[in-house]
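# Breakdown of the fold
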Amino acid sequence: MKITIINGNPYKDDFDDFLLNLNNSFEMKKQDCETLLLRDMKIKQCIGCFGCWVKKPGECLFEDDTVILRKKVINSDLVLYASPFKMGFISSILKKALDKHLPLLMPYFSIRNGEVHHMKRYTKYPKVGILIKDDEEVNEKNLEITKKIFKKVAINMVSEMVLFETTRRGYEEVSNEIDNI
Amino acid sequence: MKLTIFNGSPRGKESNSKVLSNKFSKGFLMSEDQKEEYFLIEYQGKYENLIETVENGELFYIIFPLYIDSMPGMVKEFIDTLEPLRGKLKGKKFIYHIHCGFPEEIHLHGLKKYLMLLTEMLNGQLVGVITSGGSEASRFLPDRYKFFLNLEELGKKYREAGKLDEELMEKVKNRKQFSGFSMIMLKLLNKTGILNVMWNKSLRKNGVFEKRFDKPYEEKNS
């Protein structure tokens, strides 16, 4: 299984260590895993120009490091989006990175789960996992809202959410749970 | 009362958000000089410059489109900058208006819950979260479009009654979701390709129609 961890931590702290241990645990198990550190990447805000749909299909017109991000995401079996909460939701860098997933879809509509979504561009999309840093910012309410939103993100990404966890569980436990997916 | 508008659309002054906020404020305001308008795209990387505006404001109208099932990343950046004001905005009123290009308003429900929670975190007073589906073409539609008139009326009634009129809030959703007959019709229409006409027109105009299904990032052996 090809796993990509998207580290949306805006500052270096022990959450990075958790993700590094998680990454290493997959490598120990001979899993193909790579971590992208968003705070070291140049990520421009998507401006909703739809150039990725009608001018250069499948690619963003504005060059930044999200080309690597999209390549990794679409060729993974599982993408683990990781972030601490700030103001009760994921970091702005992770959100900006997610906004730049748009070229992975088609402009055309398709109906999934009884709702209108965008048609898929690729044959296969990765499964979606979410990992939230457990700290004083996290509570039942904001976890529930984030889970609800990411369930939608997964449907939009022609996929399913297979994991929603916090670091309350150790990295080994999370790693083992991912093995069972 | 002064209305402070934060427009969180990455399209800034050319946005559908600008069109929609104009309609609401037209109904709400007795005169334009009671309006302060900020385009968040112009403040990227320097949102701390807006903290004083938030501290001094009384009534906020925060509008932005749905980007990948929640707020655009730059709006989250703005929200994060408000951390020092957490719990300190007692008495300040918040109206949010979120909208999406998808025809149904149901896509906005998760984000709506987050904005309610955000207002709690700031200790502000939530007036309401206006949600509208099918907003993508707003900047091309005539002023007398029913949706716009309803938004204007919503603003006017808020000024008169101090609360958002429930019936109008329902109307400006445009469509809550498809079900039953409307879903059957949607599926049929989607099969005909009629819903793709505008996209195909743009693709042809740009000379890339044949490339529309390109998969630039696909690895052969993945």
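Here the residue numbers are simple positions, counted from 1 along each chain's written sequence. Chain letters start at A and ligand numbers start at 1, both assigned in the order the entries are written. It should be noted that, the model being predicted, local features are given only for residues of pLDDT at least 70 and side-chain atom pairs only at 80 or more, the latter also being counted only at that level, while totals for whole chains, interfaces and linings use all residues.

### Let's talk about the overall build of chain A
We apply this condition: Helix and strand labels come from DSSP, where a helix needs a run of H or I of at least four residues and a strand needs a run of E of at least two; each type is numbered from the N terminus. We take the radius of gyration over the C-alpha atoms and set the globule estimate at 2.2 Å times the residue count to the 0.38 power. Residues with at least 20 other C-beta atoms within 10 Å of their own are called buried, those with 12 or fewer are called exposed, and the rest are partly exposed. The C-beta atoms themselves are positioned from the backbone. Two residues form a contact once the distance between their C-beta atoms, set from the backbone, is within 7 Å.
Scanning chain A from N- to C-terminus turns up six helices and seven strands. Mapped in sequence order, the helices and strands of chain A form the string β-α-β-α-α-β-α-β-β-β-α-β-α. Relative to the compact-globule value of 16 Å for 181 residues, chain A shows a C-alpha radius of gyration of 16 Å, a close match. The principal-axis extent of the C-alpha atoms belonging to chain A is close to 45 × 35 × 35 Å. Evaluated residue by residue, chain A yields a buried proportion of 45% over its 181 residues. A separation threshold of at least 6 residues defines the contact pool for chain A, and within that pool the share at least 24 residues apart is 71%.

### Description of the overall build of chain B
Secondary structure summary: chain B contains eight helices and five strands in total. Listing each helix as α and each strand as β along chain B from the N terminus yields β-α-β-α-β-α-β-α-β-α-α-α-α. In terms of overall dimensions, chain B has a C-alpha envelope of 55 × 40 × 30 Å along the principal axes. Looking at the 222 residues of chain B, the share that counts as buried comes to 37%. Contacts in chain B between residues at least 24 apart in sequence constitute 80% of all its contacts with a sequence separation of at least 6.

### So, the interface of chain B and chain A
Heads up, the rule is: Note on residue categories: nonpolar means Ala, Val, Leu, Ile, Met, Phe, Trp, Tyr, Cys or Pro, charged means Asp, Glu, Lys or Arg, and polar means any other residue, Gly included.
Counting residues at the interface gives 50 residues for chain B and 41 residues for chain A. When contributions to the side of chain B that touches chain A are tallied by element, the ones reaching two or more residues are helix H3 (73-81), helix H4 (109-122), helix H7 (180-192) and helix H8 (197-205) of chain B. Tallying contributions element by element places H4(B) first for the side of chain B that touches chain A, with seven residues. Looking at the side of chain B that touches chain A, its residues break down into 24 nonpolar, eleven polar and 15 charged.

### Focus on the sheet that holds strand S1 (residues 3-7) of chain B
One key point about sheets: their strands pair by backbone hydrogen bonds, in either a parallel or an antiparallel sense. Residue and element names in this part refer to chain B. For the record, the criterion: A pair of strands is considered paired only if DSSP assigns at least 2 bridges between the two. To get an axis, a line is fitted to the C-alpha atoms, and for a helix only the part in contact is used. The angle between two axes follows their N-to-C directions and goes from 0 to 180 degrees.
The five strands are arranged S2-S1-S3-S4-S5 in an open sheet whose pairing can be described as parallel. The open sheet has two edge strands, strand S2 (35-39) and strand S5 (125-132), and neither has a second partner. Neighbour-to-neighbour, the strand axes of this sheet turn through a mean angle of 15 degrees, independent of strand direction. In this structure, strand S3 (residues 59-65) lies alongside strand S4 (residues 93-99), joined through seven bridges in parallel fashion. Within S4, the position partnered with Leu59 by the bridge is Lys93. Packing against the sheet, H4 makes contact with S4 and S5, and its axis sits at approximately 165 degrees to S5.

### Some points on the nonpolar core
Heads up, the condition is: By definition, a nonpolar core groups buried Ala, Val, Leu, Ile, Met, Phe, Trp, Tyr and Cys residues that are joined through C-beta atoms within 7 Å.
One finds A:Ile6 and A:Leu80 to be the most contacted residues of the largest nonpolar core, which totals 88 residues. Setting aside its immediate chain neighbours within four residues, A:Ile6 contacts A:Leu36, A:Leu38, A:Val79, A:Leu80, A:Tyr81, A:Ala82, A:Leu94 and A:Ala97.

### Some remarks on the sheet that holds strand S6 (residues 127-132) of chain A
All names here are of chain A. Strand order in the open sheet made by the five strands is S2-S1-S3-S6-S7, with parallel pairing throughout. Each edge of the open sheet is held by one strand with a lone partner, namely strand S2 (32-37) and strand S7 (161-166). In this sheet, adjacent strand axes meet at a mean angle of 15 degrees when their direction is disregarded. Bridge count for S6 against S7 is five bridges, and the pairing is parallel. Paired with Ile132 across the strands is Thr166, a residue of S7. Where helix H1 (residues 14-28) meets the sheet, its contacts fall on strand S1 (2-7), S2 and strand S3 (78-83), and the angle it forms with S1 comes to roughly 175 degrees.

### Notes on the confidence of the model for chain B
Selection criterion: One confidence number per residue, pLDDT, is output by the predictor and ranges from 0 to 100.
In this model, chain B carries a mean pLDDT of 95, and residues with pLDDT of at least 70 account for 99%. Prediction confidence for the complex, expressed as pTM and ipTM, is 0.96 and 0.97 respectively.

### Details of H1(A)
Residues and elements named next belong to chain A. Inclusion rule: Each residue after the first adds 1.5 Å to the expected span of a helix. Read the arc as the range of directions from the helix axis to the C-beta atoms.
Its 15 residues place the ends of H1 21 Å apart at the C-alpha level, agreeing with the 21 Å of an ideal helix rising 1.5 Å per residue. What H1 keeps buried is the set Phe15, Phe18, Leu19, Leu22, Asn23 and Phe26. For H1, the angular spread of the buried residues around the axis is 135 degrees, confining them to a single face. Projecting away from the buried face of H1 at angles above 90 degrees are the exposed residues Asp14, Asp17, Glu27 and Met28. Along its buried surface, H1 packs onto S1, S2, S3 and helix H6 (171-179).

### Let's talk about H6(A)
Residues and elements named next belong to chain A. Inspection of H6 places Val174, Ser175 and Ile178 among the buried residues, and these make up the whole buried set. Each buried residue of H6 sits inside an arc of 100 degrees when the element is viewed along its axis, so together they form one side. Residues of H6 that are exposed and point more than 90 degrees away from the buried face comprise Glu172, Glu173 and Asp179.

### Concerning the environment of A:Met161
All names here are of chain A. Within the secondary structure, Met161 is located in strand S7. With 33 residues separating them along the chain, Met161 and Val128 place their C-alpha atoms 4.6 Å apart. The residues contacting Met161, other than those within four sequence positions of it, are Val128, Ile130, Phe150, Lys151 and Ala154.

### Side note on the pairing of S2(A)
All names here are of chain A. How we decide: Every crossover in which the path from the first strand over the helix to the second runs clockwise, viewed with the strands pointing away from the viewer, is termed right-handed.
Inspection of the sheet shows S1 paired to S2 by six bridges, in the parallel sense. For Ile3, the partnering residue across the bridge sits in S2 and is Cys33. In this fold, the crossover linking S1 to S2 by way of H1 has right-handed handedness.

### Examining the packing of helix H1 (residues 16-28) of chain B against helix H5 (residues 146-161) of chain B
Residue and element names in this part refer to chain B. Let me state the cut-off plainly: Working rule for angles: under 35 degrees goes down as roughly parallel, over 145 as roughly antiparallel, 65 to 115 as roughly perpendicular, anything else as oblique. Left-handed describes a crossing whose near helix is turned anticlockwise from the far helix through less than a right angle; right-handed describes the clockwise counterpart.
Closest axis-to-axis distance for the H1/H5 pair is 6 Å, and the angle between their directions is 40 degrees. By the angle between their axes, H1 is oblique relative to H5. Helix-helix and strand crossings are classified by hand; for H1 and H5 the assignment is right-handed. Facing Leu20, Lys23, Phe24, Ser25, Lys26, Gly27 and Phe28 of H1, the residues of H5 in contact are Phe148, Leu151, Glu152, Glu153, Leu154, Gly155, Lys156, Tyr158 and Arg159. A breakdown of the residues in the contact of H1 with H5 according to their chemical character gives seven nonpolar, three polar and six charged.

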